Amino acid sequence: MKPETDLASVFETGGATHCGHVRDRNEDDFILRPDVGLWAVADGMGGHVAGAFASRAVTRALSEVERPASASALLRSCDEKISFANDEIRSFAQRNGGAIVGTTVAVLLAFPEHFACVWCGDSRVYLVRGGVLEQISRDHTEFQELMDRGALAPDEAENWPNRNVLTRAIGVFEKPETEMKDGALQSGDVFVLCSDGLTAHVEDEEILGIASRRPPESACHELIDLALSRGGKDNVTVIVMKYNPDGTRRMSGQLGAAQARAE
């Protein structure tokens, strides 16, 4: 696939979000940009108005990314837009009494035969390849840090009270602390991006099964329905993207800066 290829023609894309059964407002947001090779999920924090502002600030900024000339240009533009959103969120917080306002973000970038994942917080990026699900991102949480250090025994981990305490979020620190992993795209790769409202209720094996057998848009709704059927205690957002370099696709979702909210 050459850079001048219509990027949207090789990415089968779906995305959906729901406020859940407990919250009365959706502080998640997402953006689908198959035309430039960008998808993102953001999960706001800081209260109803503040959390929604933070997640929207990130998706608004990412909506301004232009079609790149190279993979490095795409990554650089993504970093610049996240930095801009970080400043905007911090300014908002200062105008509102200095309260902590922030958002997670999980971004998938794709350029001919190459992908990169950029994230901050505990929204996740998964890759389904060859019938195996791999979590590409690593949660930026106190729980994950304790697990990495071996400070939590397996029997303690399941009921650890601070599982969702973030160690990084966009808008909290002067400079955004993102992490990045990249790799080569392979035909048939399926990526799943989600907020923690999904992973709180749905196991990895279930994500694998649904994302593997269903078209992206249908997979998003099936995953959200599963989370809702188990309580839906948080906002839940899912993006699924399948890479079809032969151009045979079923395009789901909306092109451009698509945002859908199911209240």
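None of these values were measured; they are calculated from a predicted model.

(A) Quick peek at the overall build of the chain. Looking only at helices and strands, the chain has seven helices and ten strands in total. The C-alpha atoms of the chain give a radius of gyration of 17 Å, which matches the 18 Å a tight globule of 263 residues would have. By principal-axis analysis of the C-alpha atoms, the chain measures approximately 50 × 40 × 40 Å. For the chain, buried positions account for 52% of its 263 residues. Summed over its atoms, the accessible surface of the chain is roughly 11500 Å², and 46% of this surface lies on carbon and sulfur atoms. For the chain, the separation between the mean place of its 27 positive charges and that of its 41 negative charges on side chains is 3 Å.

(B) Local environment of the sheet that holds strand 7 (residues 132–135). On the basis of which strands lie adjacent, the open sheet formed by five strands has the order 1-10-9-6-7 and antiparallel pairing. Two strands bound the open sheet, and with one partner strand each, they are strand 1 (11–18) and strand 7. Shown here is a sheet whose adjacent strand axes are inclined to one another by a mean of 15°, direction ignored. Sheet analysis places strand 6 (residues 124–129) next to strand 9 (residues 190–194), joined by five bridges and oriented antiparallel. The residue bridging Tyr126 from the neighbouring strand is Val192, located in strand 9.

(C) View of the side chain of Asp234. As for its position among the elements, Asp234 is in the loop between helix 7 (216–229) and strand 10 (236–243). A relative accessible area of 17% places Asp234 in the buried class. Once you skip the residues sitting within four places of it in the chain, Asp234 turns out to touch Cys19, Gly20, Arg23, Asp196 and Gly197.

(D) A look at the side chain of Ser55. Along the chain, the position of Ser55 falls in helix 1 (residues 48–62). Here Ser55 falls in the buried class, since its relative accessible area comes to 0%. Within the structure, the side chain of Ser55 is placed 3.2 Å from the side chain of Arg56, a separation counted as a polar contact. Setting aside residues up to four positions removed in sequence, Ser55 forms contacts with Glu27, Asp28, Asp29, Ala42, Asp43, Gly44 and Thr103.

(E) Layout of the sheet that holds strand 4 (residues 102–111). One open sheet accounts for five strands, arranged 2-3-4-5-8; its pairing is antiparallel. The strands lining the two open edges of the sheet, one partner per strand, are strand 2 (28–33) and strand 8 (179–184). Between one strand and the next, the sheet's axes are offset by a mean angle of 10°, whatever the strand orientation. Pairing of strand 5 (residues 114–120) with strand 8 involves six bridges; the strand directions are antiparallel. For Trp119, the partnering residue across the bridge sits in strand 8 and is Glu179. Of the strands in this sheet, strand 4, strand 5 and strand 8 are in contact with helix 2 (residues 71–95), which crosses strand 4 at around 165°.

(F) Examining the nonpolar core more closely. Core analysis: the biggest nonpolar cluster contains 27 residues, and Leu38, Leu62, Ile82, Ile89, Val107 and Leu109 have the highest contact counts within it. The set of elements that each furnish at least two residues to this core consists of strand 3 (38–45), helix 1, helix 2, strand 4 and strand 5. The residues touching Ile82, leaving out its near neighbours within four places in the chain, are Leu62, Val105, Val107, Val118, Ile170, Pro176 and Thr178.

(G) Looking closely at unusual backbone geometry. Of note in this structure, Glu113 is not a glycine but carries a positive phi near 65°. With respect to the helices and strands, Glu113 occurs in the loop between strand 4 and strand 5.

(H) How the structure looks around the pattern of salt bridges. Under the defined criterion, the tally for this structure stands at 13 salt bridges. Linking Asp148 and Arg138 is a salt bridge whose minimum nitrogen-to-oxygen distance equals 2.6 Å. A residue pair is termed long-range when its members are at least 10 positions apart, and Asp148 in helix 3 (residues 142–148) and Arg138 in the loop between strand 7 and helix 3 qualify at ten residues. Classification of Asp148 by relative accessible area gives partly exposed; the value is 45%.

(I) Structural context of helix 7. In this model, helix 7 (14 residues) spans 20 Å end to end at C-alpha, consistent with the 20 Å of a helix rising 1.5 Å per residue. Of the residues trailing helix 7, Gly231 is marked for its positive phi of about 125°.

(J) Structural view of the pairing of strand 3. In terms of burial, strand 3 is a largely internal element, seven of the eight residues being buried. Summarising the sheet, strand 2 and strand 3 pair through six bridges and their orientation is antiparallel. The partner of Leu32 across the bridge, within strand 3, is Trp39. Here strand 2 folds back onto strand 3, and the loop between the two strands holds four residues, one of which, Gly37, carries a positive phi near 85°. The sheet contact formed by strand 3 and strand 4 spans eight bridges and is antiparallel. Among the inter-strand pairings, Val41 is bridged to a residue of strand 4, identified as Ala106.

Quick notes on the rules
- Residues numbered from 1 in each chain as written.
- Predicted model: local features only at pLDDT ≥ 70, side-chain atom pairs only at ≥ 80, totals over all residues.
- Heavy atoms only, no water.
- Helix = DSSP H or I, 4+ residues; strand = E, 2+ residues; numbered from the N terminus.
- Rg over C-alpha atoms; globule rule 2.2 N^0.38 Å.
- Buried < 20%, exposed > 50% of the residue type's maximum accessible area, 1.4 Å probe, protein only.
- Areas by Shrake-Rupley, 256 points an atom, 1.4 Å probe, with all protein chains shown as cover.
- Lys, Arg positive; Asp, Glu negative; His and termini not counted.
- Charge placed at Lys NZ, Arg CZ, Asp CG, Glu CD.
- Pairing = 2+ DSSP bridges.
- Axes fitted to C-alpha atoms, helices over the stretch in contact; angles between N-to-C directions.
- Contact = heavy atoms within 4.5 Å.
- Polar contact = N/O pair within 3.5 Å; in protein donor to acceptor, adjacent residues only side chain to side chain.
- Core = buried A, V, L, I, M, F, W, Y, C linked by side-chain atoms within 4.5 Å.
- Salt bridge = Lys/Arg side-chain N within 4 Å of Asp/Glu carboxyl O.
- Expected span 1.5 Å × (residues − 1).

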